[in-house]
Amino acid sequence: MPTNAEAAEILRAIADLLDLEGERFKPEAYRRAARSIETLTEDLKAVAERKELDTIPGIGDAIAEKIQEYLKTGRIAYYDRIRSEVPPGVLELMRLAGVGPKTARRFWVELHITSPKELREAIDAHRLEGVSGIGPRKIELLRSALGPTAARVGTRIPLTEAYAVAQRLLAAIRATGRVERIEAAGSLRRRRETVGDLDLLASSPDAKGVFDVVSGLPGVHEVLLRGETKETVRLDSGLQVDVRVVASNEFGAAFVYFTGSKDHNVHLRTIARDRGLKINEYGIFQGEERVGGATEDEVYAALKLAWIPPELRENRGEIEAAAAGTLPELVTERDVRGELHWHVPPNATREDIEATLAEARRRRMEYVGAVVAGTSVEGGSVKIERGALERLGELHGKRPSGMPIVWLVGEVAGTGTGPEGMELDYLVRRPTKGPAPASRKAFLPTLVIAHLDPTAPPAGTDKERRAWIDWAASHDAALEMGPGPSRLDSIGGGEVRARNGTLAIPTGLGSSPDDPTFPVALGLARRAQANAAQILNARSRAEIEQLLAPRATQERRG
DNA sequence: GCCGTTTTCGGCCCGACTGTTTTCAGTCG
């Protein structure tokens, strides 16, 4: 089944081809459409079935028709046609660092170079020397772009990974005291599921000093470029980091600009122009006069807009909503009142448990659901290993008084009662493949959190994830936002929200302080436009108990 | 190709940086 990512990829390929043909505005139109599809929190096919493709920003009649064709046949005739007009290697040339459509086209048309391999041969044969516009430095850059250590262009890493790297860099830079302020911007701040590079924005009167610090950080492999206000470095991992330094009174304008998205920015600047203003990364300008830009609020206010949460800045209607005062209320960190999925370490001591619960209390949590492995489902009935029962009982005994632990839970647990005096009040399933068989209805418990296998590779999970969204919806289960390294669940979150379903947000309780789980999961839920009412663990302890009570009675009767 | 309280045609964000240039083109974000 075609995925959103695959459709976007084809549109991007069309854009590249049109670029090579020298088209002026079409390539950007196709790229805009591709970006729009990539950030969709819903399956393209579902939108197409509702005949609402043209409501997606950047998609009009022509592209909607091509997407329909693609969803139906898996091909786009227009793409096949224009692709046949360009040697495939020319597109690869364009993906080399420093080579854009103009240069690639010149290689192809003027120099008959149609692949990276041929470019390498041309360089070795000194065929590029003396070509106008290509000097010795450019040839050197091309040589390294072709080399084995060349940066992987266009590869993106999972948000959790990027988040952790960014936190490490930010902490190291802040510790030097050379910046007044430094924050991560870009797609990381928008909590996109994947991140292509890190954008760090700093305010400091001494940009050079900041760049010196950044260049010398551990893990920085090389400096790719450095100017007056901007430095780009590459980490040992290959990840690129852009650092921009502005004055403190420019921070707001720069923060908006470097947070993006590109389409959001373009839209903002267009509105500004229509109002006789100009917005750039240095501020808001009326003619020559600078009229603001110290804070993000000032920038949006200048355009008569409410401040827009970064997770929504994708030009998907958020600007219109901000103008109309109809921005959705998003769940916030403060809304989350409990953790429902704390995995108890197998050999946890009383002290370990107390430490975690103390952390929960510090974080103002009202409850903690503890998970113990060791349960399974066999032939339609729940089987709990004796060991798991014992651990649950033991844990129950270790529960410190006055601590906000309220339930003990088995992973893939059933509805039966647990050890004496304790009930398994809800179930946390860890499916590995496909939806649960219908027979499991027989033992459906009171409260369900469904979550995807954290170790499953991202490839091919779309279908699996959809099956689970369906299952969760039909069984009144909450779907946990998955922040695991390869779990990218914002599409799931979007669909659950669209169906008025419930999400659960893991809080990373018991992990290290810079664990990315909570900020990432919260961000994905916010990108899916979930509000507090749609978050299971944003409910109070009383509400959760109420949710459980009548059903538990029913189960016992049944 | 998209889009619209300056609408159905005529526009299309804005700036940093680099290399190859005597003032700019190309790339990138």
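Residues numbered from 1 in each chain as written. Chains lettered and ligands numbered in written order. Predicted model: local features only at pLDDT ≥ 70, side-chain atom pairs only at ≥ 80, totals over all residues. Heavy atoms only, no water.

1. Concerning the domain arrangement of chain A
Quick note on the threshold: In this document the domain limits rely on a domain assignment from an automatic tool or a database. Any pair of residues with heavy atoms lying within 4.5 Å of one another is described as a contacting pair. Buried area is a sum: the accessible area each of two parts loses on coming together, probed at 1.4 Å, counted once for each and added. Salt bridges are identified by distance alone: a Lys or Arg side-chain nitrogen within 4 Å of an Asp or Glu carboxyl oxygen. Pairs of N or O atoms within 3.5 Å make up the polar contacts considered here, provided that, within protein, one atom can donate a hydrogen while the other can accept it, and that residues adjacent in sequence are counted only when both atoms are side-chain atoms. A helix here means a DSSP run of H or I that spans at least four residues, while a strand means a run of E at least two residues long, and both kinds are numbered starting from the N terminus. Any residue outside Ala, Val, Leu, Ile, Met, Phe, Trp, Tyr, Cys, Pro, Asp, Glu, Lys and Arg is labelled polar, Gly included; the first ten of those are nonpolar and the last four are charged.
You can read the domains of chain A as domain 1 (4-145), domain 2 (160-246), domain 3 (250-324) and domain 4 (333-557). Relative placement of domain 2 and domain 3: their C-alpha centres are 23 Å apart. In this complex, domain 2 contributes 16 residues to the contact, which on the side of domain 3 involves 16 residues. Taken together, the two surfaces of domain 2 and domain 3 that pack against each other cover about 1400 Å², and 63% of this comes from carbon and sulfur. Counting the contacts that link domain 2 with domain 3 gives 3 salt bridges. Linking domain 2 with domain 3 are 7 residue pairs in polar contact (both at pLDDT 80 or more). With 4 residues, strand β4 (residues 197-203) is the single largest residue contributor to the side of domain 2 that touches domain 3. Looking at the side of domain 2 that touches domain 3 residue by residue, the classes come out as 5 nonpolar, 3 polar and 8 charged.

2. Description of the sheet that holds strand β10 (residues 289-292)
Applied cut-off: A pair of strands is labelled paired if DSSP reports no fewer than 2 bridges between them. Axis lines are fitted to C-alpha atoms, over the contacting stretch for helices. Their N-to-C directions set the angle, which ranges from 0 to 180 degrees.
The 3 strands are arranged β8-β9-β10 in an open sheet whose pairing can be described as antiparallel. Edge positions in the sheet fall to β8 (278-280) and β10, since each of these pairs with one other strand and no more. Neighbour to neighbour, the strand axes of the sheet diverge by 35° on average, direction disregarded. Sheet topology note: the β8/strand β9 (residues 283-286) ladder contains 3 bridges and is antiparallel. When the sheet's bridge partners are listed, Lys278 is paired in β9 with Phe285.

3. Topic: the protein's contact with DNA strand B
For the record, the criterion: Nearness is judged by heavy atoms alone; a residue qualifies as near a molecule or strand once a single heavy atom is within 4 Å of it.
Near DNA strand B there are 47 residues, and of these Thr103, Gly135, Arg137, Tyr257 and Arg269 occur at the shortest range. Counted by atom, the contact set of DNA strand B within 4 Å of the protein is 77% sugar and phosphate. Note that a phosphate oxygen of DNA strand B is positioned 3.3 Å from one of the backbone N or O atoms of Arg226. One of the backbone nitrogen or oxygen atoms of Glu228 is found 3.0 Å away from a phosphate oxygen of DNA strand B. When residues of the surface near DNA strand B are traced back to their parent elements, those giving at least two are α2 (26-38), α4 (61-73), α7 (101-109), α9 (136-146), β5 (220-226), α14 (262-274) and β8.

4. A short note on helix α21 (residues 517-527)
What counts, and what does not: Partly exposed residues are those whose accessible area sits between 20% and 50% of the maximum for their type, while under 20% is buried and over 50% is exposed, using a 1.4 Å probe and protein chains only.
The element α21 is extensively covered by neighbouring structure, given that 11 of its 11 residues are classed as buried. Looking at α21, one finds that the buried residues are Thr517, Phe518, Pro519, Val520, Ala521, Leu522, Gly523, Leu524, Ala525, Arg526 and Arg527. A positive backbone phi angle near 65° is found at Gln529, which sits one or two residues after α21.

5. Regarding the environment of His221
Residue placement: His221 occurs in strand β5. Note: C-alpha distance between His221 and Tyr257 (36 residues apart in sequence) is 27 Å. Those residues within four positions of His221 in sequence are excluded, and the remaining contacts are Arg234, Leu235 and Asp236. Separated by 3.4 Å, the side chains of His221 and Asp236 make a polar contact.

6. Focus: the sheet that holds β5
What links the strands of a sheet is backbone hydrogen bonding, and the strands pair in either a parallel or an antiparallel sense. Within the open sheet, the 5 strands sit side by side as β2-β4-β7-β6-β5. Their pairing is mixed. One side of each edge strand has no neighbouring strand; the edge strands of this open sheet are β2 (181-184) and β5. Averaged over all pairs of adjacent strands, the angle between their axes in this sheet comes to 20°, without regard to strand direction. Pairing of β4 with strand β7 (residues 240-246) involves 7 bridges; the strand directions are parallel. Bridge pairing links Asp197 to Gln240 in β7. In the packing of helix α10 (residues 159-175) onto the sheet, contacts are made with β2, β4, β6 (230-235) and β7, and the angle to β4 comes to roughly 25°.

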